Amino acid sequence: MNQDADPAAVPLRSQQWFNVPGDPGMTAIYVERYLNFGLTREELQSGRPVVGIAQTGSDLSPCNRIHLQTVERARDGIRDAGGLPLVFPVHPIQESCRRPTAALDRNLAYLGLVEILHGYPFDSVILTAGCDKTTPAGLMAAATTNLPAIVMSGGPMLDGWFNGRLTGSGMATWEARRQYAAGQIDYEGFMDLVCSTTTSPGHCNTMGTALTMNCLAEALGMSLPGSASIPAAYRERLQSAYRTGVRAVEIAREGLTPSKILTREAFENAVIVNSAIGGSTNAPPHLTAIARHMGVELNVNDWEALGYDVPLLVNCQPAGHYLGEAFHRAGGVPAVMNELQRQNRLHTEAATISGNTVGANTAGRTASDRDVIRDIDEPLMEQAGFMVLAGNLFDSALMKTCVISEDFRQRYLSDAEHPNCFDARVIVFEGPEDYHARIDDPDLQIDETCLLAIRGCGPVGYPGSGEVVNMTPPAHLLKQGVPYLPTLGDGRQSGTSASPSMLNVSPESAVGGNLALLQTGDTVRIDLNARTVNLLVDDAELQQRRSDYVPPELQHQTPWQQMYRGCVGQLSTGGCIEFATKYRDVASDLPRHNH
């Protein structure tokens, strides 16, 4: 590097910390402490791109723990490409163990990442992703900072098996609950069935939210083609990590920022891919949050407008039979996008982190197993996207149509005179504790004509929005062979659930949404043709209930819960920290010196 160069012309952001000859006092402060673990001044001042590796893996986050290994191969790639790697920790997010819900941590990890990427000398960053919310947290931060960034997925676990049958993470849990409630298994059987899904390092092996969001990161163009679905235990996972490290250096030198990739066209591609893979109902709030931080318009109605009539191509649980391992072997995301291109459903000229367009990345990537990834002319389902519902109880809610079973369709949607319509008597629960305490109460007289509704479970009410809407019917109905009842709520449900719930209700009850006025014994009319859910009471009655309504007192257990509740938005708009969505391109606005 030319030591006499004008500091303002230095192309790499990191050199504004490490090599400003005109300000030796500050430069020395920034350089000297990084020498204490063996780095040299020559490295720091060489003009090499400094690549951050945002480490989400730890013992506390087993779904991401594979990244304790992947970052070492990413380091190798960065070094070989002429970069300087610096690994740093990210606030942990573990879906299955964090209470009250890991949804609280998505925004907290996002805020922490923004501060790190803004305040430290990075030229690009590798975002390690795996469990559900690590992917959107990283991409939200990348969108806000607009620092060159690339997603490095951790991959799903290997296939699970129990008594000769495939068992998928999450799916086995809901099945075990049904069998346990029906008296078909005991405690040991319950534990054995659920634990059979945990076969290796990696995140959920079903097309739950984890695999969905990693696939959508690839569909957005933010990870290397074919990388999202590689199982964590495969050698290709570490090979992909090496290539990600190499590419992270290249994008720093190219100045390939998220704003050049995360366009409206990229988000439309991701919505369409989500339908084709049978993706999670958690994808809309996550993708919407990323779009809002990027400054791209994407609203809840886009999910039906863009994605409803997209065919289901991936035969993967919960909408199908197979798991992530088979999905990867059949061709993964590139094969799905290749099929979608055949009907001109994608923006093929959209840019990607690889440096190539979507069309170039997926050309010739045909599926190798047509039972796992279907030909677009012979899909599992012709219309597999989400319905967006509205009515006098809420402004919006989602229903995942690709998990509507034939049994559910026959019970509720097959009236000859009113197809896709039904009336239901409502049983209201004030959160999951109330549901578990009373679901088998005979006084409720729950039968097949009932709808189970749950409230107080949204971003403000829970807080964080709990995965609780996929409620199991009472034991007496399970024993009669009724696996599902219609369910409705202002919370979410696991992406691994096969329940066709009406969920993500916005506005939620805790902020005064009309779901708060619903009473046990009410009748609700669901009309999927008109996309409406309406409480069958007159306006005067509804107004009287509004006048009598007393909002619940929210109990904060931690300082963050209080802060979160004070500034979080609704699921329909991404569940964002609302004021944070106003910040753009913050990495280009260098922070003040620290001394």
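Our structure is the block above this text.
Residues numbered from 1 in each chain as written. Predicted model: local features only at pLDDT ≥ 70, side-chain atom pairs only at ≥ 80, totals over all residues. Heavy atoms only, no water.

Concerning the overall build of the chain
And then number 1: In terms of helices and strands, the chain carries 21 helices and 14 strands.
And then number 2: Its C-alpha radius of gyration of 25 Å places the chain within 12% of the 25 Å reference for a compact globule of 595 residues.
And then number 3: In terms of principal-axis extent, the alpha carbons of the chain reach across some 80 × 55 × 45 Å.
And then number 4: A buried classification covers 60% of the 595 residues belonging to the chain.
And then number 5: Sequence-distant contacts, at least 24 apart, represent 76% of the contacts inside the chain between residues at least 6 apart. (Helix = DSSP H or I, 4+ residues; strand = E, 2+ residues; numbered from the N terminus. Rg over C-alpha atoms; globule rule 2.2 N^0.38 Å. Buried < 20%, exposed > 50% of the residue type's maximum accessible area, 1.4 Å probe, protein only. Contact = heavy atoms within 4.5 Å.)

With respect to the environment of Asp105
And then number 1: Topologically, Asp105 is positioned in helix 5 (residues 103–119).
And then number 2: Separated by 455 residues in sequence, Asp105 and Trp560 place their C-alpha atoms 9.6 Å apart.
And then number 3: In this structure, Asp105 is in contact with His91, Pro92, Ile93 and Arg98, ignoring residues within four places of it in sequence.

Brief notes about helix 6 (residues 134–145)
And then number 1: Relative to the 16 Å expected for 12 residues at 1.5 Å per residue, helix 6 spans 17 Å between its end C-alpha atoms, a close match to the ideal helical length.
And then number 2: Of the residues making up helix 6, those classed as buried are Thr134, Thr135, Pro136, Ala137, Gly138, Leu139, Met140, Ala141, Ala142, Ala143, Thr144 and Thr145.
And then number 3: Where helix 6 is buried, its residues touch helix 5, strand 3 (124–129), strand 4 (149–153), helix 9 (209–220) and helix 12 (283–294).
And then number 4: Looking at the residues trailing helix 6, positive phi occurs at Asn146, about 60 degrees. (Expected span 1.5 Å × (residues − 1).)

Here's the deal with the packing of aromatic side chains
Aromatic ring pairs: the centre-centre distance and the angle between the two ring planes describe each pair.
And then number 1: A full pass over the atoms with the stated rule returns 8 aromatic pairs.
And then number 2: When the centroid spacing of 5.5 Å and the interplanar angle of 90 degrees are considered together, the rings of Tyr180 and Phe190 count as edge-to-face. A residue pair is termed long-range when its members are at least 10 positions apart, and Tyr180 in helix 7 (residues 171–181) and Phe190 in helix 8 (residues 187–195) qualify at 10 residues.
And then number 3: Judged by relative accessible area, Tyr180 falls into the partly exposed class, the value being 44%.
And then number 4: Summarising the aromatic geometry, the rings of Phe429 and Tyr435 are spaced 5.5 Å apart at their centres and angled 85 degrees between planes, so their arrangement reads as edge-to-face. Of the two residues, Phe429 and Tyr435, both sit in the buried class.
And then number 5: Pairwise contacts between aromatic rings join Phe408, Tyr412 and Phe422 into one cluster.
And then number 6: Across the ring face of Tyr308, the terminal group of Arg531 is positioned such that the distance to the ring centre comes to 4.8 Å. (Phe/Tyr/Trp six-rings, centres within 6.5 Å; stacked < 30°, edge-to-face > 60°. Lys NZ or Arg CZ within 6 Å of the ring centre and 35° of its normal.)

Points about the nonpolar core
And then number 1: In this structure, Leu287 and Leu340 are the most contacted members of the largest nonpolar core, which totals 167 residues.
And then number 2: Counting residues per element, this core draws most heavily on helix 11 (residues 264–277), which supplies 8 residues.
And then number 3: If you look at the next biggest cluster of nonpolar residues, it comprises 6 residues, including Ala176, Ile185, Phe190 and Val194. (Core = buried A, V, L, I, M, F, W, Y, C linked by side-chain atoms within 4.5 Å.)

Some thoughts on the packing of helix 11 against helix 12
Axis angle and axis distance: for two packed helices, these are the angle between their axes and the distance between the axes, and together they describe the pair.
And then number 1: Packing of helix 11 against helix 12 brings their axes to within 11 Å, and their N-to-C directions diverge by 170 degrees. Accordingly, the angle class assigned to the pair helix 11 and helix 12 is roughly antiparallel. In this structure, helix 11 uses Phe267, Ala270, Val271 and Asn274 to contact helix 12, whose residues at the interface are Ala283, Leu287, Ile290 and Ala291.
And then number 2: Its residues assigned to classes, the contact of helix 11 with helix 12 comprises 7 nonpolar, 1 polar and no charged. (Axes fitted to C-alpha atoms, helices over the stretch in contact; angles between N-to-C directions. Parallel < 35°, antiparallel > 145°, perpendicular 65-115°, else oblique. Nonpolar A, V, L, I, M, F, W, Y, C, P; charged D, E, K, R; others polar.)

As for the pairing of strand 7 (residues 386–389)
Both faces of the sheet carry side chains from a regular strand, because those side chains alternate between them.
And then number 1: Of the two faces of strand 7, the one holding Phe386 and Val388 and the one holding Met387 and Leu389 are both buried throughout.
And then number 2: Connecting the antiparallel pair strand 7 and strand 8 (residues 396–400) is a turn made up of 6 residues. (Pairing = 2+ DSSP bridges.)

Some points on the sheet that holds strand 2 (residues 84–89)
And then number 1: Spatial strand order, 2-1-3-4: 4 strands in an open sheet with parallel pairing. Only two strands of the sheet have a single neighbouring strand rather than two, namely strand 2 and strand 4. The mean inter-strand angle of the sheet, taken between neighbouring strand axes irrespective of direction, is 25 degrees.
And then number 2: Set on the sheet, helix 5 makes contact with strand 1 (50–55), strand 2 and strand 3; between it and strand 2 the angle comes to about 150 degrees.

Here's the deal with helix 4 (residues 67–80)
At 3.6 residues per turn, the α-helix brings residues three or four places apart onto the same side.
And then number 1: In this model helix 4 runs 19 Å from its N-terminal to its C-terminal C-alpha over 14 residues, within 8% of the 20 Å that 1.5 Å per residue would give.
And then number 2: Considered for burial, the residues of helix 4 that qualify are His67, Thr70, Val71, Ala74, Gly77 and Ile78. End-on view of helix 4: buried residues confined to an arc of 115 degrees, all on one side of the axis.
And then number 3: The elements touched by buried residues of helix 4 are strand 1, strand 2, strand 3, strand 4 and helix 10 (235–254).
And then number 4: Phi turns positive, to about 95 degrees, at Gly82, one or two residues after helix 4. (Arc of directions from axis to C-beta.)

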